[in-house]
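Here's the letter readout for the chains.
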Amino acid sequence: MNGANTAFVLISAALVMLMTPGLAFFYGGMVRVKSALNMLMMSFISLGVVSLLWVLFGYSLTFGDDIGGGLLGNLDHIGFQGIEPTSLWGEKPDAIPVLAFALFQLMFAVITPALISGAVADRVKFGAWALFITVWTTVVYFPVAHWVWQADGWLFKKEVIDFAGGTAVHINAGAAGLAVALVLGKRIGFKKDPMRPHNLPLVMLGSGLLWFGWFGFNAGSALAANGTAANMAFNTQVATGVAMLGWLAYERIRHGAFTTLGAASGAVAGLVAITPSGAAVNAWGAIVIGLVAGVVCSWAVSLKYKLGYDDSLDVVGVHLVGGLIGTLLVGVLATDGVGGAAQLGKQALGAFTVLLYSFVVSWLLAKLIDVTIGFRASEDEELGGIDQAFHAETAYDFSAVGGSARSTVPAATGASAPQKPHNKKVDA
Amino acid sequence: MKLITAVVKPHRLDEIKEALQAFGVQGLTVTEASGYGRQRGHTEVYRGAEYTVDLVPKVRIEVLVEDEDADDLVDVVVKAARTGKIGDGKVWSVPVETAVRVRTGERGPDAL
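Residues numbered from 1 in each chain as written. Chains lettered and ligands numbered in written order. Predicted model: local features only at pLDDT ≥ 70, side-chain atom pairs only at ≥ 80, totals over all residues. Heavy atoms only, no water.

Chain B goes by Nitrogen regulatory protein P-II in an unreviewed UniProt entry, where it is assigned to Streptomyces violaceusniger. Chain B has a UniProt comment under Subunit (unreviewed entry) that states "Homotrimer." (UniProt positions renumbered as here; feature names shortened; annotations may be inferred.)

In the annotation of an unreviewed UniProt entry, chain A is listed under the name Ammonium transporter and assigned to Streptomyces melanosporofaciens. Recorded in UniProt for chain A, the comment headed Sequence similarities (unreviewed entry) runs: "Belongs to the ammonia transporter channel (TC 1.A.11.2) family." Taken from UniProt, the Subcellular location (unreviewed entry) comment for chain A reads in full: "Cell membrane".

Here you go:
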């Protein structure tokens, strides 16, 4: 076992974990006050649901030996059977504990369905969402991650390069977001009512946490504390910074202002685009990838108004388009001997296969949930705010008057009595 | 008696308060308000989607004065509120039938 690599991967796993709450803030600040908590919860719930799935069967379906055809892992490790703290992943002398690898990969499985939630802001039943990510992770994420990252996976064998998840994570989530947004339909008042972000500092906080955690996401994917990891970490920083500049420049020319939301969004677009490609390019490649991602994604987020689908927080414009840019540009900009037309073809095969599979299965799954238990919140719930409807909470207390608290003190004891929890037995 | 009402830019509030005190006004009421005049509001851009924000923040100041002071007081408020830029607001006065100081029950000019 390699101690340095193990430490690096464990720390990277913790960094990637932080991306999910970071994403929650990034998305949470972009919605209106009445659904801020729901937006946070749609990401947060994934930390629970997917962690459980991963132990039950997710790890086995993704990284178990192939059942044939490179499509899915077998069931040998269901319930993590056969995996001990001494079990190793990788070849000596670089090998790390399987548990460290599995924890790192779990965090990818957690954030991917959470990414989709940006497409469905303000309008889904929370229970239906939890069911959706449970099934989606099982039938879409686990197989696709197996295709791309497991040595037996069919796209891995076709030499499609997805270093840290441009295909398995971002194109996958982006295509699913588009599919679910189409099934659900638009928010009430889309293109008519103002749907301004309620808290841009929260968006900045979220994008900052994403940027920070992304070093684990990208560099950690080397699974070793080595030059590949360093190259990836360096390119992550450069591409992200340049993408922010690209987005801001586009905005200044098209809309007359350098916006905060644009800076945060540009950074995320750059992070997405460098994810699949960063290990195969040098710093100049990272600059090109960042610039292209910043400008093109900035343009792409306006597509929803032209085409009429309501991808609330631009999962398509940022993650699908950014993921495609990074995945395809490997074929153009790679400096480690893998670039060229042949590689571009392989990259396109991987990108569009995953796009198509994710879109079709996600659409069918969303439709199935919609016609059985109902996916979309009622009109009243949506207009009144899904925070109150599904979480019995509101994010902020603005009212100085009008609140009526249910007393926690029995009326007979008087208002001056010390407060006791009203639903717990208190010792005399 | 007259009620002077001014709807003005929030950052002029301190100037107006000082001018009113210098004039000898004893008390006033301030309310946060929002609205627009001829200029409407401003435009904000979020990922390229433009929103017109036409209700802009204002403060509403109300002062009760005796009839003979009303015109002068309107001038004082206008002078203190003016920046010369668009959206400076409006000041108006209306007649008041009666006023009572709640603590003492004094009525009319004595209540001011």
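There's plenty left to go through after this.
Trainee: Quick question: what am I supposed to make of the overall build of chain A here?
Mentor: Helices and strands together make up the secondary structure of chain A, namely 15 helices and two strands. Relative to its length of 428 residues, chain A is compact, with a C-alpha radius of gyration of 23 Å against a globular reference of 22 Å. With the C-alpha coordinates of chain A rotated into their principal frame, the extents come out at 80 × 55 × 40 Å. Evaluated residue by residue, chain A yields a buried proportion of 55% over its 428 residues. Side-chain charges in chain A split into 23 positive and 25 negative, and the spacing between the mean points of these groups amounts to 9 Å. (Helix = DSSP H or I, 4+ residues; strand = E, 2+ residues; numbered from the N terminus. Rg over C-alpha atoms; globule rule 2.2 N^0.38 Å. Buried < 20%, exposed > 50% of the residue type's maximum accessible area, 1.4 Å probe, protein only. Lys, Arg positive; Asp, Glu negative; His and termini not counted. Charge placed at Lys NZ, Arg CZ, Asp CG, Glu CD.)

Trainee: Looking at this structure, I do not really get the sheet that holds strand 1 (residues 2-8) of chain B. What am I missing?
Mentor: Paired through their backbone hydrogen bonds, the strands of a sheet run either parallel or antiparallel. All names here are of chain B. Taking strand neighbours across the sheet as the criterion, the four strands line up as 2-5-1-6 in an open arrangement whose pairing is antiparallel. Strand pairing shows two members of the sheet lacking a second neighbour, strand 2 (29-35) and strand 6 (89-95), which therefore form its edges. Sheet twist, expressed as the average angle between the axes of neighbouring strands with direction ignored, equals 20 degrees. In the sheet, strand 1 pairs with strand 5 (residues 56-65) via seven bridges, with the strands oriented antiparallel. Following the sheet pairing, Val8 is matched in strand 5 by Val59. The strands touched by helix 1 (residues 13-23) are strand 1, strand 2 and strand 5; relative to strand 5, the strand with the most contacts, the crossing angle is about 10 degrees. Lying over the sheet, helix 2 (residues 67-81) contacts strand 1, strand 5 and strand 6, oriented at roughly 10 degrees with respect to strand 1. (Pairing = 2+ DSSP bridges. Axes fitted to C-alpha atoms, helices over the stretch in contact; angles between N-to-C directions. Contact = heavy atoms within 4.5 Å.)

Trainee: It is not clear to me how the environment of Val53 of chain B should be interpreted in this structure. Could you clarify?
Mentor: Looking at the element boundaries, Val53 of chain B is found in strand 4 (residues 49-53). It is 5.4 Å that separates the C-alpha atoms of Val53 of chain B and His42 of chain B, two residues lying 11 residues apart in sequence. Among residues more than four places away in sequence, those in contact with Val53 of chain B are Arg196 of chain A together with Gly41, His42 and Glu44 of chain B.

Trainee: Help me understand the pairing of strand 1 of chain B in this model?
Mentor: The side chains of a regular strand alternate between the sheet's two faces. Residue and element names in this part refer to chain B. A large share of strand 1 lies buried, amounting to five of its seven residues. Sheet topology places strand 1 next to strand 6; seven bridges connect them, and they run antiparallel. Opposite Val8, over in strand 6, you have Gly89 as the bridge partner.

Trainee: What am I meant to see in the UniProt feature "modified residue: O-UMP-tyrosine" (unreviewed entry) in chain B here?
Mentor: Here, the residues flagged by UniProt with the feature "modified residue: O-UMP-tyrosine" (unreviewed entry) are Tyr51 of chain B. Inspection of the secondary structure assignment puts Tyr51 of chain B in strand 4. What Tyr51 of chain B contacts, discounting residues up to four positions off in sequence, is Asp193, Pro194, Met195 and Arg196 of chain A together with His42, Thr43, Glu44 and Tyr46 of chain B. At 3.5 Å, the side chain of Tyr51 of chain B forms a polar contact with the backbone nitrogen of Met195 of chain A. (Polar contact = N/O pair within 3.5 Å; in protein donor to acceptor, adjacent residues only side chain to side chain.)

Trainee: How should the packing of helix 4 (residues 126-149) of chain A against helix 6 (residues 166-184) of chain A be read in this particular structure?
Mentor: When two helices pack together, you describe them by how their axes are tilted relative to each other and by the distance separating the axes. Residues and elements named next belong to chain A. Closest axis-to-axis distance for the helix 4/helix 6 pair is 10 Å, and the angle between their directions is 145 degrees. Between helix 4 and helix 6 the crossing geometry is right-handed. Facing helix 4, whose interface residues are Phe132, Trp136, Val140, Tyr141, Val144, Ala145, Val148 and Trp149, helix 6 presents Thr167, Ala168, Val169, Asn172, Ala176 and Val180. (Left-handed = near helix turned anticlockwise from the far one by under 90°.)

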